[in-house]
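Residue-level listing of the chains:
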Amino acid sequence: MKNVIDSFVYLGHWPYAGSFGFNTDILATNPINLSVVLGVLIYFGKGVCVNDLLDNRKQRILSTIRNSEELRKGAVEQLERARTCLRKVEIEADEYRMNGYSEIEREKVNLINATSDSLEQLENYKNETLHFEQEKAINQVRQRVFQQALQGALGTLNSCLNSELHFRMIRANIRILGAMQKITD
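The name given to the protein chain in an unreviewed UniProt entry is ATP synthase subunit b, chloroplastic, with the source organism recorded as Zingiber officinale. Quoted verbatim from the Sequence similarities (unreviewed entry) field of UniProt, the annotation for the protein chain is "Belongs to the ATPase B chain family."

Structure (structure tokens):
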């Protein structure tokens, strides 16, 4: 291992004259070599490689910028159309909402009116039914009172009348009925 390390160390100490070797002085050799290489590249590659590469790159960048601008313009136009469409839709939605509210209010008023009319009709029907039932009850009471009065009168007449008075009463009623028949004829 020591032999390998020693051989690399001795490479740096080769003599300068008369043979090829490594120059370990970085400040003296690298900037000169680099400037020579760059000068040759620029001189010979200026018209051929670098200009073509730069022109191609420039054209691609300009093409990309143009495409981006066109896409941006298209996106802006689409955005404006979308905003316009959104405004129209919002206006229509507001109109539908307002029409819906007014329709709901109309239906509410109509329902209240119809309910009020129905309640009024039911009230009238109730009052008519009550009046009819009252008249019916009054008529029933009258009939019972009349029947009881008639039964009481018949009972009184039967107990007070003898047969001769009874026959006279029948004849008088027959004469009254005969006179009424002549009047109606």
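A. Looking closely at the pattern of salt bridges. Scanning all chains against the criterion turns up five salt bridges. A salt bridge links E69 to R72; its shortest N-O distance comes to 3.5 Å. Note that E69 and R72 are positioned in helix α2 (residues 26-160) at a spacing of three residues, about one turn of the helix. For E69, a relative accessible area of 36% puts it in the partly exposed group. Among the salt bridges present, the one from R106 reaches E103, with a minimum N-O distance of 2.4 Å. Here E103 and R106 lie together in helix α2, a separation of three residues that amounts to about one turn.

B. Structural detail: the confidence of the model for the protein chain. Averaged over every residue, the pLDDT of the protein chain is 80; the share at 70 or more is 77%. Confidence scores differ between elements of the protein chain, with helix α1 (residues 2-11) showing the lowest mean pLDDT of 50 and α2 the highest of 85. Long-range and interchain partners of residues 7-15, a stretch whose pLDDT sits below 50, account for four contacts in this model, where long-range means more than four residues apart.

Conventions we followed
- Residues numbered from 1 in each chain as written.
- Predicted model: local features only at pLDDT ≥ 70, side-chain atom pairs only at ≥ 80, totals over all residues.
- Heavy atoms only, no water.
- UniProt positions renumbered as here; feature names shortened; annotations may be inferred.
- Salt bridge = Lys/Arg side-chain N within 4 Å of Asp/Glu carboxyl O.
- Helix = DSSP H or I, 4+ residues; strand = E, 2+ residues; numbered from the N terminus.
- Buried < 20%, exposed > 50% of the residue type's maximum accessible area, 1.4 Å probe, protein only.
- pLDDT = per-residue confidence, 0-100.
- Contact = heavy atoms within 4.5 Å.

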